[in-house]
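Observations on chain architecture
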Amino acid sequence: MNQIKWKVLVFLLFSIPIYYCQKETINYESLAIQITNKAKSNLQKKLSAAMSEGGTTSAIPFCQQNALGFTAKMGQANNVTLKRVTDKPRNENNLLSPEEMMVFQEIQKQKSSEGVFPNRVFSSDDNVTVYVPIPFMGHCVPCHGKKEEMTTETKTTLNKLYPKDLATNYQIGDLRGLFIVIFKK
Ligand code: HEC
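Right, let's walk through the structure included here. Computed from a predicted structure; not experimentally measured.

**Points about the nonpolar core**
Among the nonpolar cores identified, the biggest contains 18 residues, and Leu82, Val132, Leu178, Phe179 and Val181 are the most heavily contacted of them. Contributions of two or more residues to this core are made by helix H2 (28-77), strand S1 (81-85), strand S3 (127-135) and strand S4 (175-184).

**Some points on the site of the ligand**
The environment of the ligand is made up of 26 residues, and the closest members are Ala59, Asn91, Cys140, Cys143 and Gly177. For the shell around the ligand, the secondary structure elements donating two or more residues are H2, helix H4 (141-144) and S4. No other element matches the 9 residues that H2 contributes to the shell around the ligand. A per-class count over the shell around the ligand returns 15 nonpolar, 8 polar and 3 charged.

**Observations concerning the pairing of S1**
Along any regular strand, the residues point their side chains to alternate faces of the sheet. Among the 5 residues in S1, 4 count as buried, and that is most of the element. Relative to S4, S1 runs antiparallel, the two being bridged by 5 bridges. The residue of S4 that forms the bridge with arginine 84 is phenylalanine 179.

**So, the sheet that holds S3**
Taking strand neighbours across the sheet as the criterion, the 4 strands line up as S1-S4-S3-S2 in an open arrangement whose pairing is antiparallel. Both outer strands of the open sheet, S1 and strand S2 (120-123), are each paired with one neighbouring strand and no more. This sheet shows a mean twist of 15° between the axes of neighbouring strands, independent of strand direction. The pairing of S3 with S4 spans 9 bridges and is antiparallel. Considered in S4, the bridge of proline 133 is made with leucine 178. Lying over the sheet, H2 contacts S1, S2, S3 and S4, oriented at roughly 50° with respect to S1. Across the sheet, helix H3 (residues 98-109) is in contact with S1, S2, S3 and S4; its angle to S4 comes to roughly 125°.

**Here's the deal with unusual backbone geometry**
Phi at asparagine 79 is positive, roughly 65°, even though this residue is not glycine. Its location among the elements puts asparagine 79 in the loop between H2 and S1. Of note in this structure, asparagine 169 is not a glycine but carries a positive phi near 70°. Note that asparagine 169 resides in the loop between helix H5 (152-161) and S4. The partly exposed category is assigned to asparagine 169, around which 13 C-beta atoms lie within 10 Å.

**Re the environment of lysine 155**
Its place among the elements puts lysine 155 in helix H5. By C-beta crowding, lysine 155 is classed as partly exposed, having 15 other C-beta atoms within 10 Å. Counting along the chain gives 109 residues from lysine 155 to lysine 46, while the straight-line C-alpha distance between them is 21 Å. Look past the residues within four positions of lysine 155 in its chain and what remains in contact with it is Lys147 and Met150.

Conventions we followed
- Residues numbered from 1 in each chain as written.
- Predicted model: local features only at pLDDT ≥ 70, side-chain atom pairs only at ≥ 80, totals over all residues.
- Core = buried A, V, L, I, M, F, W, Y, C linked by C-beta atoms within 7 Å.
- Buried ≥ 20, exposed ≤ 12 C-beta atoms within 10 Å, placed from the backbone.
- Helix = DSSP H or I, 4+ residues; strand = E, 2+ residues; numbered from the N terminus.
- Near = placed C-beta within 6 Å.
- Nonpolar A, V, L, I, M, F, W, Y, C, P; charged D, E, K, R; others polar.
- Pairing = 2+ DSSP bridges.
- Axes fitted to C-alpha atoms, helices over the stretch in contact; angles between N-to-C directions.
- Contact = placed C-beta atoms within 7 Å.

Fair warning: the whole summary comes from geometry, so function is off the table for now.
Shown next as structure tokens:
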């Protein structure tokens with residue numbers, strides 16, 4: 001009998017901490033990566049469909065009308081707040097807050113020798129916030145690359161729709177922006 005009690009006690013001593021640890025270790029970072037990968041690939045699919053329909057002259061207005069709404073909806077569908085922000089915005093609603101800017105600059109500085117930017121995870125009592133870098137790639141060049149290499153139609157469309165545009169002159173491998181994913185605990 002005594003031996004059984006011992007076994008129960010030992011079992012409880014080991015299993016209670018395991019139970020609590022498992023409860024605590026929802027992997028917010030990998031959840032955030034799943035959500036942002038979905039958002040990225042959906043945005044890119046929509047963008048290339050608009051590009052093949054009418055080049056940048058139709059894809060730029062398409063982004064203006066849909067990008068923000070699409071990002072917010074993608075967040076709602078996954079029960080998180082999802083934002084796509086940057087230090088040099090095309091749409092000023094996408095400007096980083098001073099606090100977010102500090103994280104952006106930290107991530108920018110920590111680019112690995114393979115050219116990869118790290119994610120960042122911050123936890124408070126109520127929320128977990130995951131910052132996922134958006135690197136600049138080849139197919140972003142037509143709309144965010146060097147101004148002098150842009151087509152005349154692209155420049156005209158951008159000037160008309162975004163007279164205060166800051167989101168040009170990026171090079172491949174730059175940090176273009178961040179996805180911010182906020183989970184409620
Ligand atoms: C067809 C042109 C076009 C292409 C190609 C394009 N973008 Fe954009 N991008 C835009 C427009 C237009 C906006 C502004 C959307 C808005 O008004 O909400 C934008 C906004 C953004 C933003 C939000 C911050 C801001 O500046 O307002 C990020 C981040 C971004 N683009 C990254 C990329 C990346 C990364 C790529 C390549 C994978 C890319 N874009 C390709 C046109 C383009």
